[in-house]
Number of protein chains: 2
Amino acid sequence: MAVNFPSIDPTQLHPVAGVTLGWAEAHIRKPNRKDVLVISVDEGATVAGVFTSNRFCAAPVTVCREHLEHVRSSGKGIRALVVNTGNANAGTGEPGLVIARETCKELARLAGIAPEQVLPFSTGVILEPLPLDRLKAGLPAALENRKAAHWYEAAQSIMTTDTLPKAVSRQVTIDGHTVTLSGISKGAGMIKPNMATMLGFLAFDAAVAQPVLDALVKHVADRSFNCITIDGDTSTNDSFILIASGKSSLPAVTSTDSPAYVALRDAVTDAAQALAQLIVRDGEGATKFMTVQVEGGRDVAECRQIAYAIGHSPLVKTAFYASDPNLGRILAAIGYAGVNDLDVGKIDLYLDDVLVAKAGGRNPDYREEDGQRVMKKSEIAIRVLLGRGDAQATIWTCDLSHEYVSINADYRS
Amino acid sequence: MAVNFPSIDPTQLHPVAGVTLGWAEAHIRKPNRKDVLVISVDEGATVAGVFTSNRFCAAPVTVCREHLEHVRSSGKGIRALVVNTGNANAGTGEPGLVIARETCKELARLAGIAPEQVLPFSTGVILEPLPLDRLKAGLPAALENRKAAHWYEAAQSIMTTDTLPKAVSRQVTIDGHTVTLSGISKGAGMIKPNMATMLGFLAFDAAVAQPVLDALVKHVADRSFNCITIDGDTSTNDSFILIASGKSSLPAVTSTDSPAYVALRDAVTDAAQALAQLIVRDGEGATKFMTVQVEGGRDVAECRQIAYAIGHSPLVKTAFYASDPNLGRILAAIGYAGVNDLDVGKIDLYLDDVLVAKAGGRNPDYREEDGQRVMKKSEIAIRVLLGRGDAQATIWTCDLSHEYVSINADYRS
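Computed from a predicted model, the values in this text were never measured in an experiment.

Peer 1: Would you take a moment to explain the overall build of chain A for this structure?
Peer 2: From N to C terminus, chain A includes 11 helices and 16 strands. For 413 residues, the compact-globule estimate of 2.2 N^0.38 gives 22 Å, and chain A sits close to it at 22 Å. Considering only C-alpha atoms, chain A reaches an extent of 70 × 50 × 40 Å along its principal axes. Within the span of chain A, comprising 413 residues, buried residues form 62% of the whole. Nonlocal contacts in chain A, meaning residues at least 24 apart in sequence, comprise 81% of its contacts between residues at least 6 apart. Carbon and sulfur atoms provide 48% of the accessible area of chain A, an area that totals close to 13900 Å². Looking at chain A, you have 40 positive and 46 negative side-chain charges, and the mean spots of the two groups are 2 Å apart.

Peer 1: Can you walk me through the pairing of strand 3 (residues 46-51) of chain A in this structure?
Peer 2: Consecutive side chains of a regular strand alternate in pointing toward one face of the sheet and then the other. Residues and elements named next belong to chain A. In terms of burial, strand 3 is largely enclosed, as six of its six residues are buried. Residues Thr-46, Ala-48 and Val-50 point to one face of strand 3 and Val-47, Gly-49 and Phe-51 to the other, with burial holding for every one of them. In this sheet, strand 10 (residues 239-244) lies alongside strand 3 in antiparallel orientation, the contact comprising six bridges. By the bridge assignment, Val-47 is partnered in strand 10 with Ile-243.

Peer 1: So what exactly am I meant to see when it comes to the relation of the copies chain B and chain A here?
Peer 2: Both copies of the chain are tied together by a single rotation about an axis and a shift running along it. After a rotation of 180 degrees and a shift along the axis of 0.0 Å, chain B superposes on chain A with an RMSD of 0.0 Å. Such a turn and shift between the copies fits a two-fold axis. Taking the C-alpha atom as reference, chain B places His-402 of chain B closest to the rotation axis, 2.7 Å from it. In this assembly the copies share their binding face: 100% of the residues contributing to the interface of chain B also contribute to that of chain A.

Peer 1: Looking at this structure, I do not really get the environment of Val-19 of chain B. What am I missing?
Peer 2: Residue and element names in this part refer to chain B. With respect to the helices and strands, the residue Val-19 is situated in strand 1 (residues 19-24). Residues Val-19 and Trp-151 lie 132 residues apart in sequence; the distance between their C-alpha atoms is 9.9 Å. In this view, Val-19 contacts Ile-39, Ser-40, Ala-148, Trp-151, Ala-203, Ile-243 and Ser-245; residues no more than four positions away in its chain are not counted.

Peer 1: Explanation requested: the pattern of salt bridges in the structure shown.
Peer 2: Pairing of side chains with opposite charge becomes possible as their charged atoms draw close. Residue and element names in this part refer to chain A. Enumeration according to the criterion identifies 35 salt bridges over all chains in this entry. Here Glu-128 makes a salt bridge to Arg-29, at a shortest N to O gap of 3.5 Å. Within this pair, whereas Glu-128 is found in the loop between strand 5 (118-125) and helix 3 (132-144), its partner Arg-29 is found in the loop between strand 1 (19-24) and strand 2 (36-41), the two being separated by 99 residues in sequence. We classify Arg-29 as partly exposed; its relative accessible area is 32%.

Peer 1: Just to check I follow, could you spell out the sheet that holds strand 6 (residues 166-174) of chain B for this structure?
Peer 2: Strand pairing in a sheet is mediated by backbone hydrogen bonds. Such pairs are either parallel or antiparallel. All names here are of chain B. The five strands lie next to each other as 3-10-8-7-6, forming an open sheet whose pairing is mixed. This sheet does not close on itself; its edge strands, each paired only once, are strand 3 (46-51) and strand 6. Ignoring which end each strand starts from, the neighbouring axes of this sheet average 15 degrees apart. Where strand 8 (residues 199-204) meets strand 10 (residues 239-244), six bridges bridge the pair, whose relative direction is parallel. Across the sheet, residue Phe-204 finds its bridge partner in strand 10, namely Ala-244. The sheet contacts of helix 5 (residues 210-222) involve strand 3, strand 8 and strand 10, and relative to strand 3 the element is tilted by about 35 degrees. Strands strand 6, strand 7 (177-186), strand 8 and strand 10 of the sheet are contacted by helix 6 (residues 259-281), whose axis makes an angle of about 165 degrees with strand 6.

Peer 1: Which parts of the structure should I look at to understand the layout of surface pockets?
Peer 2: Taken as a whole, the second largest pocket encloses approximately 360 Å³ of empty space. Around the second largest pocket, the lining comprises 23 residues; the ones closest to its centre are Arg-55, Phe-56, Cys-57 and Thr-62 of chain A together with Val-344 of chain B. Secondary structure elements with two or more residues in the lining of the second largest pocket: helix 1 (59-74) and helix 2 (93-111) of chain A. Here the residues of the lining of the second largest pocket are counted per class, giving eight nonpolar, 11 polar and four charged.

Peer 1: Looking at this structure, how should I read the domain arrangement of chain A?
Peer 2: A common way to express how large an interface is: the accessible area buried when the components associate. Domain assignment breaks chain A into domain 1 (10-281) and domain 2 (289-410). Distance from the C-alpha centre of domain 1 of chain A to the C-alpha centre of domain 2 of chain A: 33 Å.

Reading guide: rules and limits
Residues numbered from 1 in each chain as written. Chains lettered and ligands numbered in written order. Predicted model: local features only at pLDDT ≥ 70, side-chain atom pairs only at ≥ 80, totals over all residues. Heavy atoms only, no water. Helix = DSSP H or I, 4+ residues; strand = E, 2+ residues; numbered from the N terminus. Rg over C-alpha atoms; globule rule 2.2 N^0.38 Å. Buried < 20%, exposed > 50% of the residue type's maximum accessible area, 1.4 Å probe, protein only. Contact = heavy atoms within 4.5 Å. Areas by Shrake-Rupley, 256 points an atom, 1.4 Å probe, with all protein chains shown as cover. Lys, Arg positive; Asp, Glu negative; His and termini not counted. Charge placed at Lys NZ, Arg CZ, Asp CG, Glu CD. Pairing = 2+ DSSP bridges. Least-squares fit on C-alpha atoms with pLDDT ≥ 70 in both. Salt bridge = Lys/Arg side-chain N within 4 Å of Asp/Glu carboxyl O. Axes fitted to C-alpha atoms, helices over the stretch in contact; angles between N-to-C directions. 1 Å grid on protein atoms, 1.4 Å probe; cavity = no way out; pocket = protein on both sides within 12 Å on 5 of 7 lines; lining within 4 Å. Points joined across faces, edges and corners; volume = space filled by probe spheres on them. Nonpolar A, V, L, I, M, F, W, Y, C, P; charged D, E, K, R; others polar. Domains from an automatic or database assignment.

In structure tokens:
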């Protein structure tokens, strides 16, 4: 069902020096599937993350925040990440926190590091106790099979309703030094990240000072994972992590003002956008990939508000599923987006290159067959011109199909 | 597909003295269906309305607002309402306004009243020109067949994707005088009213002074049509109209402080809630009727915000469709509702009488089979206790099924 999902060649995913990945089949929820991942990071790396804004954030998210805070005060860096699927360890109260902490403790014991040097992540069903014993039992095998070349297997091991593993890899030259980036993500449903997405991990071998990496992770998340939506449901477990292993010959990036930072920032943003878009392309039941671009707004916030109103509307999404140019539904979504002083008489609406609505009404030259022609495509741009300023925003989303309902009606069975 | 939709006996819909209703088959979009309705109101009635907050409001909504304003300054009351289905006359710019005004002019000419005494309403496809000639051609037949006993036929004539006509009728005794109320509504999709619903008309024979009726219509809309959602899409055409014909022997209600006002207000609210709930019961593809009650909030606004987050979540809605007690999805929706200082450790969640989550985590006594038992029902109460105040709010919604996707993927074909 995925929409124009690029074929991923496992051999083209570059190892990132200083980072190894190992998986296990721990039977967290279902047997015979990779459901535990350990990512190890050599000493000297910096790690930064952004997490869900959901108030019901999962226990591992709380522990991640604590441990990243600890890193800042202790100077002892993050050395391992552990991810399980099948159970989100969310809505689990105090017992859930104990389980997340015990997981870190066990991995730390096995790897000879401190528990605060471990970041835990979970994804899967909410409100059910995570089987700690199974997870602990899976850790030795995951540690055992760690390899720098395991990015593809790592992507497989974090899938839930994803139909395809999601990974990207890039090599860029900065100031004459090669920098290698590889990353993985998972998504599929409960996707309207607000800080970051369900799970995204992106590692590169440049050295980046902690405050610079903290700035970078926010910059990147706001331009990638925070620009996608599948169903408007912001997950309890969203986490996006950057790992800077520092093994590249590029001198350490210690300021956001340097040309090297800008080059690195753009390369990381590009890779993260690709990862985020893979999530949309493999969105639950997706048959169309839509880019919603809102221009001419007073500020980015109102452009995003309107773009999300379009991207979340079940009526817009079902019309795209049907390839039906029932485009008044887009105007309706613009109208209820909550921009209260919007002058609709200034609004133009394009579908790809077709001008559908002009100055708030139907373009007299618009012909249904032109709309129909665009709607039949699998990649469609919706462009809204507000005519009230210079700001703009872009989000990526998918349609709403029968398959989405089937997947989510059957998810736990 | 409708959920526990009460059988409506056309003979039990009471005529309201001073109000007659006539319909026509005008072939606005499809042949052989009632698609034009005229409601005539005798001289001396007062009429008040609330309308959509969608910035892309339809041309007839703009004209309604103008004409209701005119009534206030001229003292000349509203005498007729005209409704067409098949075309929303929204996103139609200036030409759409001309069409709405021409419609009023033609009806006024035929009925011997002023154009400003007519309120126009449209519902159907957005962004397409309303065929004025067909609408005008249908008006004489609609005027011709007006009868006080036509409430059921009137309900039929405003249906779009509705599967059943929606009407309620009540008789109440106030200060020893009988007051009769009858009303109709339509809905089905693009339902998240914000002022009022798609179309709702409620008439009664008590006399009510204009300022009192203006207050009443807001009070009633906030407790009925503004408490429902099907898909979260606020329509361009939402309109809710109260007609007070003044033919009852009850002395005119001229103050919101009188006991008669309170009795009338409660009767009208009760009838409007019934009409609003009929819309949800016949929501597109609905198989479950859910009441979402949020209690213990600091104010009504935050209770509504959380109730709507639950009611709009595609993941919550598909879980209910599947009768799957995947109730962590409700916690996730509470968490991302946008109440930023929410202490989730204080939240309890009930499904009917079953305590699912306690103090923000799974209730240790909760058994999956208890959740399963409730989920199988067609009427389900979701109750959230926030534990931070005394405010509460209730909304009514339905599930998200395959049928919803089918209906909205096929709507125009």
